[in-house]
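Coordinates in review
Chain by chain, the residues:
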Amino acid sequence: MNRTRVTPLPRSLDPLPGESLTGFLLRLSYRLAVPPADLMRRTGLSQGSTYVSPVLSTALTAAMIEDFSVATRLSPAEVEALTLRPLTRHFPPVRQALQKAMKLHWLFGKVTRYCPRCLAGDDSLIQRRYGGTWPALWRLPDVFLCIEHRCFLEHLCPACGQPITGNKNRRLISRSAAVGLHPAQCRASVASTSGQWSRGQFIAICGARLDQFTPPDAPSQQHIDLQARILAKLDPHHPAEQSARYFSELHLLSSLVIATWPAGNLQALDPTAITTDRVLAERRSGEEASLAAFTSNAPPVEARACAAILLSADSIHSAPDRSTAMSPLMPTYESGGRRAQRYNTWEFAFKAARQECSPEFQRAAVTILTKYQHTGQKGRRRPHPQADFCAQHVPAFLLDEWADRYFTGFPGVAPDSLRRSVAVLLVQRVKGGSAPEAAKFLGINQSGKHTGLVTGLTRHLRSLGLLDKFHSAIDSLAEELPRTSLINYRRRREAMLDWTLPTDTWHDLLERTPMPRAQRDIAHDDRKRLSCSIYIWAQVTKGEQRFAPCPPGARSDPGRHYLTRGSSTGYTALKRTLDTHAKHLSAAIDAGHSTGQIAHSLDN
């Protein structure tokens, strides 16, 4: 399409500090006494249509900047300053909007807020005639109050009770064909006895003056301080990387606060929390309860509600221990045991923005993620996004000290089953895949064994309301494990795969063990040698004796339980000898001794 030739307008205006493109067009059209639609055509923003996309308030094309500059006699830099493009490096949603990278919630495209006193202007002649400023920053959900006038921003008309740009506005300027409207007049449509006929009724423009409205309440000092910090980070002189990281993290935390509200309300004394209760309740029920609204974590347009959410999010962001501060925001489960869909929405946003967050924030945030995410194939899981250990560092049977420290207080669960399942889940955490695959990796899915893994345990703990506690315990263990001396248990299992205690070593161990003479006849019972082999295997690999790779006959032989019966002095002494031998074997395997060397055991 050929561009319409643009010529200078008969008169123009100097932009007010921080003014938006919309605000400038409203003031200039009022001065020229022309409809905003005509002005947008004459400045090159449209080709004659009354529809102009609100995305132009974010950025203009180079051709539009050139035309607008010619028509209004502004410099290209002044024209670009009317949009949000100067915030590209400081405020990630602006960059994302320009890249069309994702659905945006942290830019208001269809609505705006306003401060009545700012719209009234100052005592200058130009502002008395054409009104005050409509700042571009009012399109950011993060800007919820006017520090100069110490009042919350509004978004509804005090007369008609509708959003000032109309309920379903999808234009840069609504009702842009109307002429003579003051920039501070409401442009929402209202039912009327005359005017334009639409959908079976007459409609007219509300026209109420927004600059004559007195806000009903004042923000607290906490809100003012928070807004000041946010505005400081939007200043072009503030380090852009720091600002971008802050807003990425603040928005993720705010979305999580929304998803968990009222649990996400961490500022119990904040009076704006009552408004947030109402706004989010309306979003999740009643007329607004569409699936999109119910699952949305988008910031509310209502400034007081948004202030309460941002205040809670900022308190988490500034906490010394963010993981602890985020603990009230753990997932909740709805009827039927399903996790609230709002968490899935949040996870998508986190994955899209995580690279813009600090490593410290990422480590804290991953505790909120679904611990074991499905790949789309039944029963299979994705690896956890952050893990500082590998699958081979997980013992097949959870160590005693770990079980005692983290996994007590889960009634109705067999301890062996619990410890086995935790090991499987830790492998799934770093390796992904299904529970049987993780069990096979650990060597605990032998044919015919009923291992009682994961699914039944999860269902049981969820019914008791203990699933969050269980996941938190796994998180804590996963954080501790990399700080221990990591052991390659898989190498130990592979080295001991075909191992049994050699007969000569068996006799030598018995000779070293102080035992009553009557018990030394066990040296001639090969079942006892095999049962001791099972015991040593379990000590070395930290697996369960029932899964030891000994000859099949030994596994079902009653003699294998020799070491677990009784507590006589001889038996206790033999265990100490076998434990010492197991430590030597473990050290030899960890040092990289060959399978052949291990097969001959350690005679010295």
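This text follows the structure it describes.
Residues numbered from 1 in each chain as written. Predicted model: local features only at pLDDT ≥ 70, side-chain atom pairs only at ≥ 80, totals over all residues. Heavy atoms only, no water.

**Describing the overall build of the protein**
We apply this condition: Note on conventions: DSSP H or I runs of at least 4 residues are helices, E runs of at least 2 residues are strands, and numbering of each starts at the N terminus. Accessibility here uses a 1.4 Å probe with only protein chains present; expressed as a share of the type maximum, an area under 20% marks a residue as buried, one over 50% as exposed, and anything in between as partly exposed. Only heavy atoms matter for contacts: two residues are in contact if any of them lie within 4.5 Å across the pair. Note on areas: Shrake-Rupley, 1.4 Å probe, and residue coverage restricted to the protein chains presented here.
Counting secondary structure elements, the protein contains 26 helices and five strands. Residues classed as buried in the protein amount to 51% of the 604 residues present. Considering only contacts in the protein between residues 6 or more positions apart, those separated by 24 or more positions represent 69%. Looking at the protein as shown, the accessible area adds up to about 28400 Å², and 52% of this sits on carbon and sulfur atoms.

**Section: empty space enclosed by the protein**
A probe matching the size of a water molecule, rolled over the atoms, marks out where space remains unfilled. What counts, and what does not: Points on a 1 Å grid, built from protein atoms alone, make a cavity when a 1.4 Å probe fits but cannot get out and make a pocket when they are open with protein on both sides within 12 Å along at least 5 of 7 lines; residues with an atom within 4 Å of a point are the lining residues. Grid points are joined across faces, edges and corners, and a volume is the space filled by probe spheres set on the points. Here the term charged refers only to Asp, Glu, Lys and Arg, the term nonpolar to Ala, Val, Leu, Ile, Met, Phe, Trp, Tyr, Cys and Pro, and the term polar to all other amino acids, Gly among them.
A full pass over the atoms with the stated rule returns two cavities of 30 Å³ or more. Computed from the structure, the largest cavity encloses a volume of approximately 330 Å³. Around the largest cavity sit 27 residues that line it, and Thr22, Thr112, Trp134, Thr165 and Leu172 are the ones nearest its centre. Looking at side-chain class alone, the lining of the largest cavity contains 14 nonpolar, nine polar and four charged residues. Considered as a void within the structure, the second largest cavity measures approximately 30 Å³ in volume. Looking at the lining of the second largest cavity residue by residue, the classes come out as six nonpolar, two polar and one charged.

**A word on the nonpolar core**
For clarity, the threshold we go by: Among buried residues, those of type Ala, Val, Leu, Ile, Met, Phe, Trp, Tyr and Cys that are joined through side-chain atoms within 4.5 Å constitute a nonpolar core.
In terms of nonpolar packing, the biggest core is built from 92 residues, with Leu21, Leu25, Leu45, Phe68, Trp138 and Phe144 touching the most fellow members. Take this core: its biggest share by element is nine residues, from helix H12 (residues 303-317). Other than its neighbours up to four places away in sequence, phenylalanine 68 contacts Leu21, Phe24, Leu25, Thr43, Leu45, Arg73, Leu74, Val79 and Leu82. In terms of nonpolar packing, the next biggest core, distinct from the first, is built from 37 residues, Trp402, Val413, Leu425 and Val427 among them.

**Here we look at the packing of helix H10 (residues 273-284) against H12**
To keep things clear, this is the line we draw: Angular values range over 0 to 180 degrees, each being the angle between N-to-C directions of two axes fitted as lines to C-alpha atoms, with helices fitted over their stretch in contact. If an angle is under 35 degrees, it is roughly parallel; if it is over 145, roughly antiparallel; if it lies from 65 to 115, roughly perpendicular; otherwise it is oblique.
At a closest axis distance of 8 Å, the pairing of H10 and H12 adopts a crossing angle of 110°. With respect to H12, the axis of H10 lies roughly perpendicular. Touching Ala273, Thr275, Thr276 and Val279 of H10 are Arg304, Ala305, Ala308 and Ile309, all from H12. When grouped by side-chain class, the residues that make up the contact of H10 with H12 number five nonpolar, two polar and one charged.

**Observations concerning the pattern of salt bridges**
Side chains that differ in sign of charge can pair as their charged atoms come close. We apply this condition: By salt bridge we mean one thing: a side-chain nitrogen of Lys or Arg within 4 Å of a carboxyl oxygen of Asp or Glu.
Applying the stated rule across the entire model yields 20 salt bridges. Between arginine 322 and glutamate 249 there is a salt bridge; the shortest N-O distance is 3.6 Å. Note that arginine 322 is positioned in helix H13 (residues 322-325) and glutamate 249 in helix H9 (residues 240-260), a separation of 73 residues in sequence. For glutamate 249, a relative accessible area of 2% puts it in the buried group. The residue aspartate 400 makes a salt bridge to arginine 419 at a minimum N-O spacing of 2.5 Å. Here aspartate 400 is found in helix H16 (residues 400-406), whereas its partner arginine 419 is found in helix H17 (residues 415-431), with 19 residues between them in sequence. Classification of arginine 419 as buried rests on a relative accessible area of 15%. Counted as one network, the salt bridges with shared partners bring together Glu154, Asp217, Glu302 and Arg304.

**Structural notes on the environment of proline 502**
Within the secondary structure, proline 502 sits in the loop between helix H21 (489-495) and helix H22 (503-512). For proline 502, a relative accessible area of 17% gives the class buried. Along the sequence, proline 502 and arginine 529 sit 27 residues apart, while their C-alpha atoms lie 8.4 Å from each other.

**What about the environment of leucine 256?**
You can see leucine 256 is positioned in helix H9. For the pair leucine 256 and methionine 326, spaced 70 residues apart in sequence, the C-alpha to C-alpha distance is 9.2 Å.

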